[in-house]
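What follows is each chain in one-letter form.
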Amino acid sequence: MKVNVCVCTFRRPMVETTLRSLDAQRVPDGVTFDIIVADNDETASARRLVEAFAATANHTVSYIHAPARNISVARNACLDAADGDWVAFVDDDETADDGWLAAFLHAADDGGFDAVFGPVIVDYPEDAPAWMKETDIHSTYPRYSRGQIMTGHSGNCLMRRGAPAIAAQRFLLDKGRTGGEDTEFFARLRERGAKLGAAPEAIVREALPAERISYKWLERRWLRAGITRGRHVERAEGALARLVALPVQTAKWLTCIGLILLTLPWPARHNMWRLRAAYYRGMALSVLNAREEELY
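How would you explain the overall build of the chain if you had to name every residue and give the values?
Broken down by element type, the chain carries 9 helices and 12 strands. The globule rule puts the C-alpha radius of gyration for 296 residues at 19 Å, and the 19 Å found for the chain is close to it. With respect to the principal axes defined by its C-alpha atoms, the chain has extents near 60 × 45 × 40 Å. For the chain, restricting intrachain contacts to residue pairs at least 6 apart in sequence, the fraction spanning at least 24 positions comes to 80%. Accessible surface, the chain: about 13800 Å² in total, of which carbon and sulfur atoms supply 53%. Taken together, the 37 basic and 39 acidic charged side chains of the chain have centroids lying 7 Å from each other.

Below, the structure written as structure tokens:
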């Protein structure tokens, strides 16, 4: 069994730390893996670093220049270059626990999944607001809706490359600057029949950048997430779902507004309801064909 482990990068020197954590993976007997790095910068700024790392790595490391400042271009370049049974993605600011890949493969085999998602656990700096630490708002975990995973995230995932629902699929280029390209992609795989699952032990860790220690940054992200989910996940359930979406999501938004007022004395609860209000507002706006803001 062969796995291609893919990293998309854009001007982040700490990608070397990511690569070291991947190169140190402990995998089961009979499993091999290589590492593919797709550089999304116009100037191929990561080439020298990646090629220097590859010269001393334990596993094969390939560099691809995939310029455009569009994350979907880089993700698709990785999929085009992949030749293994499985394809994994991690981000260039993450580090993987040494049993990460083995945990993914075990979960996929145990559940018969075509795609599996693991946690992205954030390490908060000391100066991060207490409410962010208390809610762990920046960490990402597989999300269930009505008992099943409806979509996933590319920051920590594994896919069966040859699965019929996956083999020919690619990330949408028009979402490569707004974010949410992974939400749409995995929702599409599910619609095509892919079985999505979770791998709780397949953990990657991420340091929190200074620009994300901001409520405004989170609000923009949650609003965009609501628009993306409404457009690509809920709408897939049919015309009736679209017909009732606007009043339903508006009602949820208004409920959140009330709870925002009720939770003023408790910052963690208060800010979580504010973010949920942004999310449901995005869901409602998706019905009105609102455009997603370019976040990247």
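I'd love a proper account of the nonpolar core, names of residues and values included.
Val3, Leu19, Leu22, Trp100, Leu101 and Leu158 are the most contacted members of the largest nonpolar core, which has 35 residues in total. Among the secondary structure elements, those contributing two or more residues to this core are strand E1 (2-9), helix H1 (15-23), strand E2 (32-39), helix H2 (47-56), strand E3 (61-65), strand E4 (86-91) and helix H4 (100-111). In terms of residue count, H4 provides more of this core than any other element does, 7 residues in total. Discounting residues that sit within four places of it in the chain, Leu22 has contacts with Val5, Val7, Phe33, Ile35, Val90, Ala96 and Trp100.

Which residues make up the pattern of salt bridges, and what values do they have?
Here the structure, examined in full by the defined rule, presents 16 salt bridges. Look at the salt bridges and you will find they share partners, linking Lys2, Asp34 and Asp83 into a network.

Go over unusual backbone geometry with me, naming the residues and quoting the values.
Even without glycine at this site, Ala44 takes up a positive phi of about 55 degrees. Structurally, Ala44 is set in the loop between E2 and H2. Taking relative accessible area as the criterion, Ala44 reaches 18% and is therefore assigned buried. Although it is not a glycine, Asp136 adopts a positive phi angle of roughly 50 degrees.

Give a detailed account of the sheet that holds strand E10 (residues 156-160), specifying residues and quantitative values.
Taken in spatial order, the 7 strands line up as E3-E2-E1-E4-E10-E6-E11 in an open sheet, and their pairing is mixed. Lying at the two open borders of the sheet, with one neighbouring strand each, are E3 and strand E11 (196-198). Each strand axis lies, on average, 20 degrees off the axis of its neighbour in the sheet, ignoring direction. Bridge analysis of E1 against E2 gives 8 bridges, and the strand direction is parallel. Within E2, the residue paired with Val5 across the bridge is Ile35.

Please provide a residue-by-residue account of H4, values included.
Within an α-helix, residues lying three or four positions from one another point in the same direction, as the helix has 3.6 residues per turn. Between its first and last C-alpha, H4 extends 17 Å over 12 residues, near the 16 Å set by a 1.5 Å rise per residue. Those residues of H4 that fall on the buried side of the exposure criterion are Trp100, Leu101, Ala103, Phe104, Leu105, Ala107, Ala108 and Gly111. Downstream of H4 by one or two residues, Gly112 has phi in the positive range, about 65 degrees.

Which residues make up the pairing of E10, and what are the values?
For E10, a buried count of 4 out of 5 residues is recorded, marking the element as mostly surrounded by other parts of the structure. Relative to E10, strand E6 (residues 115-117) runs antiparallel, the two sharing 3 bridges. Residue pairing for E10: Val116 is matched across the bridge by Leu158.

Tell me about the state of the cysteines, and name the residues and values.
In the structure shown here, the tally under the stated rule is 0 disulfides. The structure places no disulfide on Cys8, whose sulfur is separated from the nearest cysteine sulfur, that of Cys78, by 4.1 Å. Cys8 gets classed as buried once you look at its relative accessible area, which sits at 6%.

Talk me through the sheet that holds strand E7 (residues 120-123); I want residue IDs and the actual numbers.
Reading across the sheet, the 3 strands line up as E5-E12-E7 and stay open at both edges, with mixed pairing between neighbours. Each edge of the open sheet carries a strand with a single partner, namely strand E5 (94-96) and E7. For this sheet, the mean angle separating the axes of adjacent strands, direction not counted, is 30 degrees. Of the pairings in the sheet, the one linking E5 to strand E12 (residues 204-207) comprises 3 bridges and is antiparallel in character. Residue Glu94 lies in a different strand from E12, and its bridge partner there is Glu206.

Rules used throughout
- Throughout, residues of each chain are indexed from 1 in the direction in which the sequence is written.
- pLDDT decides what is reported in this predicted model: residues at 70 or higher carry local features, side-chain atom pairs at 80 or more are listed and counted, and totals for whole chains, interfaces and linings draw on all residues regardless.
- In computing side-chain properties, one takes all heavy atoms of the structure into account and sets aside hydrogens as well as water.
- We count a stretch as a helix when DSSP gives it H or I for four or more residues in a row; a strand needs E for two or more, and each element gets its number in order from the N terminus.
- The globule rule is 2.2 Å times the number of residues to the power 0.38, and the radius of gyration it is compared with is taken over C-alpha atoms.
- Only heavy atoms matter for contacts: two residues are in contact if any of them lie within 4.5 Å across the pair.
- Areas reported as accessible are Shrake-Rupley estimates using a 1.4 Å probe. Residue values count occlusion only from the protein chains shown.
- The sign given to each residue is positive for Lys and Arg and negative for Asp and Glu; His and the chain ends receive no count.
- To locate a charge, the coordinates of NZ of Lys, CZ of Arg, CG of Asp or CD of Glu are taken.
- For this analysis, a nonpolar core means a set of buried residues of the types Ala, Val, Leu, Ile, Met, Phe, Trp, Tyr and Cys, connected via side-chain atoms within 4.5 Å.
- Exposed residues in this analysis have more than 50% of their type's maximum accessible area, buried residues have under 20%, and partly exposed residues fall in between, with area computed by a 1.4 Å probe over protein chains only.
- The rule for a salt bridge is simple: a side-chain nitrogen of Lys or Arg has to be within 4 Å of a carboxyl oxygen of Asp or Glu.
- When DSSP locates at least two bridges between a pair of strands, those strands are taken to pair.
- To obtain each axis, a line is fitted to C-alpha atoms, and for helices this fit is confined to the stretch in contact; angles are then taken between N-to-C directions over 0 to 180 degrees.
- Expected helix span is computed as 1.5 Å times (number of residues minus one).
- Throughout, a disulfide means two cysteine sulfur atoms within 2.5 Å of one another.

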